[in-house]
Amino acid sequence: MIQRATFFRKLVESSSLPSKVGARYSTAQAATLLQPIVQSDDDESIDIDWENLGFHLMPTDFMYLTKSCEDGHFKKGQLNPYGNIQLSPSAGVLNYGQGLFEGTKAYRRDDGGLFLFRPHQNAMRMQIGAERMCMPCPSIDQFVDAVKQTALANKRFIPPPGKGSLYIRPLLIGSGPILGLAPAPEYTFLVYACPVGNYFKEGIAPLNLYVEEDLHRASRGGAGGVKSITNYAPALRAIKSAKERGFSDVLYLDSVNKRYIEEVSSCNIFLVKGKVLSTPATCGTILEGVTRKSIMDIARDLGYQVEERLIEVEELINADEVFCTGTAVGVAPVGSVTYKGKRIEYKEELTSKLLYSRLIGIQRGIIEDKRDWIVEID
């Protein structure tokens, strides 16, 4: 097991380095010292309240980092101590928002084994986003290997079985300096991690959503269908307003007709009517979530008819059940949706609980993984 980051920093500080040492030399020296620490098998306890994790930033020990070459390919990356990075004031990501991020999780099983859930899907989604944003992107193998390295380096932060997960966030940003509106000349790919519990403060309690009619998350021809960093800040005003009125999150409508539901700020949405499961079709304005795709496959296995289509907001009135899906939220039941001042309440959670238990069963190894979704990392 790896040692604490504080131990690593003390080791670096106590080494016989010159007092005036450049940042590049420090990083190289740190990388040299890192390898034996990462490979250590010594177990080390960690003082974390696993029962009350929530979804908050908790710095871990290490992060993965690499930069692009002139030909657009990425150099072999390395693990560094978790910490700040240096950026030029004219970096493409700071001036023109040229950046993407992903989200995946590492889990610990009852037998102590560690694994990832469908990281190749995240890698492919980043490649699609990179093409849209005119950015080079790590290969699928590079991406998955970086996620694995980050998870293992922060192994002691992976919660016990059933207590949460290690949320892993890969970032691809235009780090090179640029003044005119154009793709950045250099890109940084980094991966960091944080132990998390439930995303919403409600925990496993049903969510209360508010249908936003004036502010829009995405529009046709934009970047709503990729996980661009530019998609999220515009949603903050609607989220803030909704939460001030006691709602959990916002459900957005299409920006053209304002009659079709699209997605919630941080997750996809499903409606249940009998044995039919419906979710908005991804037509460029909706992010195609990995959990969304997984739940659709599981639902078909259980005999549900699954539809991807335009869903009018009025259909919420007659739905038997509504729930959300996402890497961060998992599968979250919806208790109510408020539209035009009218509150629509849902009492049933049978389908969402069934699908979630099936998903968790596959992730924990209780149910056979017939689609090779699970990637062992230890």
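1. Topic: the overall build of the protein
Next, step 1: When helices and strands are counted, the protein shows eight helices and 17 strands.
Next, step 2: Within the protein, the fraction of its 378 residues that count as buried is 50%.
Next, step 3: For the protein, the proportion of contacts with a sequence separation of at least 24, taken over those separated by at least 6, is 72%.
Next, step 4: As displayed, the protein offers around 18,200 Å² of accessible surface, 51% of which is attributable to carbon and sulfur atoms.

2. Re the pattern of salt bridges
Next, step 1: Evaluated as defined, the whole model comprises 19 salt bridges.
Next, step 2: Linking Glu308 and Arg292 is a salt bridge whose minimum nitrogen-to-oxygen distance equals 2.7 Å. Here Arg292 lies in helix H7 (residues 290-301) and Glu308 lies in strand E13 (residues 305-309), a separation of 16 residues in the sequence.
Next, step 3: What makes Glu308 partly exposed here is its relative accessible area of 41%.
Next, step 4: Salt bridges sharing partners connect three or more residues here, namely Glu307, Arg309 and Glu315.

3. A short note on the packing of aromatic side chains
Next, step 1: Applying the stated criterion across every chain yields a total of eleven aromatic pairs.
Next, step 2: Relative to Phe189, the ring of Tyr64 has its centre 6.3 Å away and its plane inclined at 70 degrees; by these criteria the two rings are edge-to-face. Taken together, the positions of Tyr64 in strand E1 (residues 62-67) and Phe189 in strand E7 (residues 187-196) put the pair 125 residues apart, joining distant regions of the chain. The two residues Tyr64 and Phe189 agree in class, both being buried.
Next, step 3: Consider the rings of Phe117 and Trp373, whose centres lie 5.6 Å apart with planes at 80 degrees: the pair is edge-to-face.

4. Quick look at the environment of Arg237
Next, step 1: In this structure, Arg237 sits in helix H6 (residues 236-244).
Next, step 2: Between the alpha carbons of Arg237 and Leu215 there is a distance of 8.6 Å; along the sequence they are 22 residues apart.

5. Description of helix H4 (residues 119-132)
Next, step 1: Taking 1.5 Å of rise per residue, the 14 residues of H4 would be expected to cover 20 Å, and the 20 Å separating its terminal C-alpha atoms lies within 8% of that figure.
Next, step 2: Within H4, the full set of buried residues consists of Pro119, Gln121, Asn122, Ala123, Arg125, Met126, Gly129 and Ala130.
Next, step 3: Immediately downstream of H4, the backbone of Cys134 shows phi near 55 degrees, a positive value.

6. Digging into the state of the cysteines
Next, step 1: One pass over the full model with this rule turns up zero disulfides.
Next, step 2: In this structure Cys267 is a free cysteine whose sulfur lies 4.0 Å from that of Cys324, the closest cysteine sulfur available.
Next, step 3: Using a relative accessible area of 3% as the deciding quantity, one classes Cys267 as buried.

7. Side note on the pairing of strand E11 (residues 268-273)
Next, step 1: For E11, the buried fraction is high: five of the six residues fall into the buried class.
Next, step 2: Relative to strand E14 (residues 321-326), E11 runs antiparallel, the two being bridged by five bridges. If you follow Asn268 over to E14, its bridge partner there is Thr325.
Next, step 3: Note: E11 against strand E12 (residues 276-280), three bridges, orientation antiparallel. Bridge pairing in E12 links Lys273 to Val276.
Next, step 4: Counting the residues that bridge the hairpin from E11 to E12 gives two residues, and of these Gly274 lies at a positive phi of roughly 65 degrees.

8. Quick look at the pairing of strand E8 (residues 207-212)
Next, step 1: Counted residue by residue, E8 has five buried out of six residues, so it is predominantly covered.
Next, step 2: Of the strand pairs in this sheet, E8 and strand E15 (residues 330-339) are connected by four bridges, and their pairing is parallel. Along E15, the bridge assignment pairs Tyr210 with Thr338.
Next, step 3: Alignment of E8 against strand E9 (residues 249-253), held across four bridges, turns out to be parallel. Bridge pairing links Leu209 to Asp249 in E9.

9. Examining the nonpolar core
Next, step 1: Counting residues in each nonpolar core, the largest one holds 37 residues, and the members touching the most others are Leu100, Ala106, Leu166, Ile168, Leu172 and Phe189.
Next, step 2: Elements that contribute at least two residues to this core include exactly E1, strand E5 (114-117), H4, helix H5 (140-153), strand E6 (165-174) and E7.
Next, step 3: Broken down by element, this core gets its largest block of residues, six residues, from H5.
Next, step 4: In contact with Leu166, other than residues within four places in its own chain, are Thr104, Lys105, Ala106, Ala151, Asn154, Phe157, Ile158, Pro159, Ala193, Cys194 and Pro195.

10. Considerations on helix H8 (residues 350-363)
Next, step 1: For H8, with 14 residues, the first-to-last C-alpha span of 20 Å sits near the 20 Å given by 1.5 Å per residue.
Next, step 2: Looking at H8, one finds that the buried residues are Thr351, Ser352, Leu355, Leu359, Gly361, Ile362 and Gln363.
Next, step 3: Downstream of H8 by one or two residues, Gly365 has phi in the positive range, about 85 degrees.

11. Some remarks on unusual backbone geometry
Next, step 1: The phi dihedral of Arg118 is positive, around 55 degrees, even though this residue is not glycine.
Next, step 2: Structurally, the position occupied by Arg118 is in the loop between E5 and H4.

12. Some details on the confidence of the model for the protein
Next, step 1: Of the residues in the protein, 88% have a pLDDT of 70 or more, and the chain-wide mean is 89.
Next, step 2: Note that residues 1-43 has pLDDT below 50 and, in this model, 54 contacts with residues that lie over four places away or in other chains.

13. Details of a nonpolar patch on the surface
Next, step 1: Together, Ile85, Leu87 and Leu94 line one region of the surface with nonpolar side chains, adding up to about 240 Å² of accessible area.
Next, step 2: Relative to the helices and strands, Leu87 resides in the loop between strand E2 (78-81) and helix H3 (92-96).
Next, step 3: By relative accessible area, which is 32% here, Leu87 ends up partly exposed.

Definitions and limits used
- Residues numbered from 1 in each chain as written.
- Predicted model: local features only at pLDDT ≥ 70, side-chain atom pairs only at ≥ 80, totals over all residues.
- Heavy atoms only, no water.
- Helix = DSSP H or I, 4+ residues; strand = E, 2+ residues; numbered from the N terminus.
- Buried < 20%, exposed > 50% of the residue type's maximum accessible area, 1.4 Å probe, protein only.
- Contact = heavy atoms within 4.5 Å.
- Areas by Shrake-Rupley, 256 points an atom, 1.4 Å probe, with all protein chains shown as cover.
- Salt bridge = Lys/Arg side-chain N within 4 Å of Asp/Glu carboxyl O.
- Phe/Tyr/Trp six-rings, centres within 6.5 Å; stacked < 30°, edge-to-face > 60°.
- Expected span 1.5 Å × (residues − 1).
- Disulfide = S-S within 2.5 Å.
- Pairing = 2+ DSSP bridges.
- Core = buried A, V, L, I, M, F, W, Y, C linked by side-chain atoms within 4.5 Å.
- pLDDT = per-residue confidence, 0-100.
- Patch = residues over 30% accessible without salt bridge, like charges linked within 9 Å, V, L, I, M, F, W, Y side chains within 5 Å.

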